Amino acid sequence: MNRPDGGVPALDELAGEWTGRAELNHLPSLRNQWGQGHVNGDLTSLSWLAFAPYSGGYHTGALRIDGSVPAAERLRWAPWGVRRAAEAGALTVTTEVRMGYERSRLLWRLVLRNTTSEPVTAAVEQELLAPFAHSEVDWGWLYGTPWNDGHHHDYFTTERIRDEAVADRPRQVQFLPVGERWVRLGSPRVPGIQRDEDTEPMLLESELPDHSTPDSGRVRAPGAACRVREIAVRRAATGEVLPVGDSGRDTDGPAVEYAVGPGTDLRIGTVGLGGGDVLLFSVRVDTPEQTGVILTHGNHPDSLQVALEDGRPVLRIAGERLIAAEPLSPGAWHRMAVLVADTGAELLLDDAPLLTTAAWWEGQRWTATADAAGTVSVADSRSAARSAYAFSAAPDAIGTAGARGTARWDLTLRPGEETVLGVVLEIGDSAGAVARDAADTAASFEAEFDAVAERWRRTWDSAFQPGNSEFSGHLPTLRTEDADLARTYYLGALLAVYLRNTTVSPVGPVFLTGGPRLGATTTFFWDISEWARTAALLEPDGLRRWILAALAQPYERCHSFDTRNLLPVGNHYSANDHALFRTVKAYVGVTGDLALLDESAGGRSVLQHLREMAFRPSTLRATFGGGVLADFGRDAWELLECVPNYRDAVVSLNAGYVGMLRSLAALLRALGDGHGTEAAVAEAEAAELSAAVLGQYAGDGRWMISHPEGDEVIGHCLDFGLVAADMAEDLTADQRAEMVRFVTEHLLDGDWMRALDPGDPVAPLSDRPDHGAAGAFAAWPGATAFGLCRLGRPEVAAGVLRRAHRATSGGLWGQAMEVAADGGYRVAGRGVANRDSNAAVAVTEAVLAGLFGIEAGIESLGKDIGTTRTPYGRLENVRAIGFDLPRPKP
């Protein structure tokens, strides 16, 4: 950034640089305060689009030059859009896609330039796909996306289709599963992202529970009453037939038979299916008109599955479902075979073809039509969603077939000449309205395109302006000569603005947790707590409403909620109490709004929620060890998910409860009115729990987990972060120094850090780039920097924060930053890691609360905490208690 005195940089200065495709493990996202989406590896297509209540499946169509699809060679992210560029023969092609601000609208600008000394002719064809659906339900972390059959989140199928967008002639790669899967008989489990067994290694590639909302409609199908035998796979490469599990024919007897019924859930064996392989089995149905599942390959949304419906065979795979016209004849054995290939999938019955899939764009669900004005409309047959494409320059030809439209321009460009083509996609419920809006936008394309970026610039400027009309608050301006520190601070602030959504929720503006492959309406309790002070400064009214909505959720059994329909999502997180308490504490500490404590949420006052959360350890006391620490149970999914031994009585959240009890005591004393006795009880419990936590110190900056079978040492940043944040005053000088040394020598690494010490014995079993040893979650550098400040080492914290912006991979931070081959860090793409994660705003929080000491808690209601001037610069326009706001009166 080029301002010598610091200050708020222009938004354009925070846009990413052109980055080579090979340098990006995770391609950029696209947002607009309502919707979200992902760019693909070609020059124009998008996937994972959602503008709740509209969600998109598959992708929006690739650009072809003379029949070939150029792959993006370099990309550049900006808050308002993403640019992609490539050389296509004699042409340089640069595209940019933007979302209309707070509109369910997409605008593509295609620039084609002849860089040679000779005239160039080219056929430029844009594929036009709009597989959108309207749904008022199923907006969980795994929100529903539309398929030719049904509405569900199918993570890996969508990713395979995204990868195929660069193919000149796309294949049906969605039918080819990756890796081995269990062959199951009978009732299949409701799949999540991809979770087959509780005992599987906890890797992002293969493991996560179903994080949908209760209204998703996902139910477990029954098994079909039948008998199955001779399960095998025939390999395309060799023709060899290999039995699966024990289902082959015994050496001295008949084939092993399996009885299947409605409640059967039987695993036979694992097998992988490659292109051209055939899954074989024989089935006998004795009772006609059976409905239920016979066999499933895996436990995934895209799984190959053979079932019966009223006795008729059904083939389900990767968003497709086909049903035979006639039922199986009962009482006889039938040979079934399912061929999977990149050209499609086929079910054969007794060696005769029975069911064959069609290409996903061939019009099973969506229909594209063109009108005389040159607009291409797409209608969904299963919902009210309607879409329309229009163009700034009339194509030379428009065609439609099935769900697919095409627009072709036949160009001749002189040496050095360029042409600009604009494409608009509008999504809504009214065919007439979307067609008119698309055409009107295309007619003034350049002005509409430029207006998107200008609107983003105004929003950014408003985020730092007192009394602005966009936000209910504003952020402090940091003035510093330290350009690296400033860039991290302002990129964190931009991430908050980028993930702020003004349209999806009745709550009002909300900060979405991440995505865009997940969570189009979802907020996690834990993530926002990592930067709750910053949120309270920027959007105090919105955060207040969010707190009341969050406390009304059953947070004792979920980890997040759908802000659109206000429904719980996912499994319980043990961090929920600490996260929600810390968020309320930050809000009250910034605003002084004690009236919030009397508000009702979920049938209890906010103050009562705080009481229950703070005193929770008394109900969770371990029956092992000293009997004081809270025991968080044996399910690692409730704690760090990927660290299998991080469970039972961990130090981190016990330290968090110490801080909660002390803050509750301070709040009760501040409220007066006879709360002194309860405050004393909270202080006494905090002292007892603090002593138990300190008893778990293992030396050298590490802590011990208490298990029923004994204690175990671990080196994880979460223990460091919460002990430092909530119990710094309890530590000896030696313990402080050892903790700092542990972090600097074992966790901090280059521009980022590792969540778990790579030398820890459990590290090989925790290969995830968010909470394991392969990298670190978005919040951890900020939380670690704050902890370093609490331990008296702000200069070390400043070093962490100065470097953090270098891990953004040309945009903003994602859920996880992983170690790359060159030793640097990049936003992780493997598994289900998010490209965007609001938790990374913790770096901005660390500047405010750590380097400047504006901790904005209950304690700040009664005394000055923090300053606007430090060796790291100065802050202006701090709108908080003790600064621009008066202290509240109890």
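Look a little higher up for the structure.
Since the structure is predicted, the reported quantities are computational estimates derived from the model, not experimental observations.

Enquirer: In this structure, what is going on with the overall build of the protein chain? I would like to understand it.
Expert: Each helix and strand counted, the protein chain has 16 helices and 53 strands in total. Computed over the C-alpha atoms, the radius of gyration of the protein chain is 29 Å, within 12% of the 29 Å expected from 2.2 N^0.38 for a compact globule of 890 residues. A burial count over the protein chain gives 63% of its 890 residues as buried. Per element, the accessible surface of the protein chain, about 29,600 Å² overall, is 48% carbon and sulfur. Of the side chains in the protein chain, 82 bear a positive and 118 a negative charge, and the two mean positions are spaced by 3 Å.

Enquirer: How should I be thinking about the sheet that holds strand β45 (residues 710-714) in this particular structure?
Expert: Think of a sheet as strands paired side by side through backbone hydrogen bonds, with each pair either parallel or antiparallel. Reading across the sheet, the three strands line up as β43-β44-β45 and stay open at both edges, with antiparallel pairing between neighbours. Of all strands in the sheet, those with a lone pairing partner are β43 (697-699) and β45, marking the two edges. With strand direction ignored, the average angle separating the axes of adjacent strands in the sheet is 35 degrees. Where β43 meets strand β44 (residues 702-707), two bridges bridge the pair, whose relative direction is antiparallel. Of the residues in β44, the one forming a bridge with Y697 is W703. Helix α13 (residues 733-747) contacts β43 and β44 of the sheet and is inclined by roughly 70 degrees relative to β43.

Enquirer: In this structure, what is going on with empty space enclosed by the protein? I would like to understand it.
Expert: For the structure shown, the criterion picks out eleven cavities of 30 Å³ or more. Roughly 300 Å³ of internal volume is contained in the largest cavity. Looking at the largest cavity, it is lined by 24 residues, and the ones nearest its centre are F524, Y573, E641, H771 and Q815. Elements with a contribution of two residues or more to the lining of the largest cavity: α5 (525-529) and β51 (836-837). Of the residues that constitute the lining of the largest cavity, the class distribution is eleven nonpolar, eight polar and five charged.

Enquirer: Is there a simple way to think about the packing of helix α12 (residues 717-727) against α13 in this case?
Expert: Each pair of packed helices can be described by the angle between their axes along with the distance between the axes. Contact geometry of α12 with α13 gives a least axis separation of 11 Å together with a crossing angle of 150 degrees. Here α13 runs roughly antiparallel to α12, going by the angle between their axes. As for the relative orientation of α12 and α13, their crossing is left-handed in sense. Along its contact with α12, which presents C717, F720, V723 and A724, the element α13 presents M739, V740, V743 and L747. Here the contact of α12 with α13 is composed, by residue class, of eight nonpolar, no polar and no charged.

Enquirer: Would you explain the pairing of β44 in this entry?
Expert: The two faces of a sheet get side chains in turn, since along a regular strand they alternate between them. With six of its six residues buried, β44 lies for the most part within the structure. Along β44, one buried face is formed by R702, M704 and S706 and the opposite face, lined by W703, I705 and H707, is buried too. Between β43 and β44, which pair antiparallel in sequence order, lie two residues; one of them, D700, sits at a positive phi of approximately 55 degrees. Pairing of β44 with β45, which is carried by five bridges, proceeds in the antiparallel orientation. Looking at β45, one finds that I705 is bridged to E712.

Enquirer: Could you clarify how one ought to interpret the sheet that holds strand β34 (residues 477-479) in this entry?
Expert: Read from one edge to the other, the open sheet built from three strands follows the order β34-β53-β52, with strand pairing classed as antiparallel. Each having just a single partner strand, β34 and β52 (869-870) make up the two edges of the open sheet. In this sheet, strand β53 (residues 873-876) lies alongside β52 in antiparallel orientation, the contact comprising two bridges. The residue bridging R869 from the neighbouring strand is R874, located in β53.

Enquirer: Quick question: what am I supposed to make of the side chain of Q36 here?
Expert: Counting through the fold element by element, Q36 comes out in strand β3 (residues 36-39). On the basis of relative accessibility, which here comes to 1%, the residue Q36 falls in the buried class. Only 2.9 Å separates the side chain of Q36 from the side chain of R31, close enough to count as a polar contact. A polar contact is formed between the side chain of Q36 and the backbone oxygen of P516, at a distance of 3.2 Å.

Enquirer: What should I look at first to understand the environment of M99 in this one?
Expert: Within the secondary structure layout, M99 lies in strand β9 (residues 91-99). In the structure, M99 is positioned 68 residues away from R31 in sequence and 6.7 Å away in space, judged by C-alpha atoms.

Enquirer: Can you help me understand the packing of α12 against helix α14 (residues 780-790) in this one?
Expert: Between α12 and α14, the shortest axis-to-axis distance is 8 Å and the interhelical angle comes to 45 degrees. Classified by the angle between their axes, α12 and α14 sit oblique to one another. For the pair α12 and α14, the crossing hand works out as left-handed. Facing C717, L718, F720, A724, A725 and D726 of α12, the residues of α14 in contact are W780, T784, F786, G787, L788 and R790. A per-class count over the contact of α12 with α14 returns eight nonpolar, two polar and two charged.

Enquirer: Looking at this structure, how should I read α12?
Expert: Working note: α-helix, 3.6 residues per turn, so residues spaced by three or four point in the same direction. Summarising burial for α12: eleven of the eleven residues are buried, a large majority. Here α12 has its buried residues at C717, L718, D719, F720, G721, L722, V723, A724, A725, D726 and M727.

Enquirer: What is the right way to look at the environment of P781 in this model?
Expert: Looking at where P781 falls in the secondary structure, it is placed in helix α14. A sequence separation of 58 residues divides P781 from V723, and the C-alpha atoms of the two residues are 15 Å apart. Once you skip the residues sitting within four places of it in the chain, P781 turns out to touch W752, M753 and V800.

Procedures and definitions
- Residues numbered from 1 in each chain as written.
- Predicted model: local features only at pLDDT ≥ 70, side-chain atom pairs only at ≥ 80, totals over all residues.
- Heavy atoms only, no water.
- Helix = DSSP H or I, 4+ residues; strand = E, 2+ residues; numbered from the N terminus.
- Rg over C-alpha atoms; globule rule 2.2 N^0.38 Å.
- Buried < 20%, exposed > 50% of the residue type's maximum accessible area, 1.4 Å probe, protein only.
- Areas by Shrake-Rupley, 256 points an atom, 1.4 Å probe, with all protein chains shown as cover.
- Lys, Arg positive; Asp, Glu negative; His and termini not counted.
- Charge placed at Lys NZ, Arg CZ, Asp CG, Glu CD.
- Pairing = 2+ DSSP bridges.
- Axes fitted to C-alpha atoms, helices over the stretch in contact; angles between N-to-C directions.
- Contact = heavy atoms within 4.5 Å.
- 1 Å grid on protein atoms, 1.4 Å probe; cavity = no way out; pocket = protein on both sides within 12 Å on 5 of 7 lines; lining within 4 Å.
- Points joined across faces, edges and corners; volume = space filled by probe spheres on them.
- Nonpolar A, V, L, I, M, F, W, Y, C, P; charged D, E, K, R; others polar.
- Parallel < 35°, antiparallel > 145°, perpendicular 65-115°, else oblique.
- Left-handed = near helix turned anticlockwise from the far one by under 90°.
- Polar contact = N/O pair within 3.5 Å; in protein donor to acceptor, adjacent residues only side chain to side chain.

Such coordinate-based values are descriptive only and should not be taken to indicate function.
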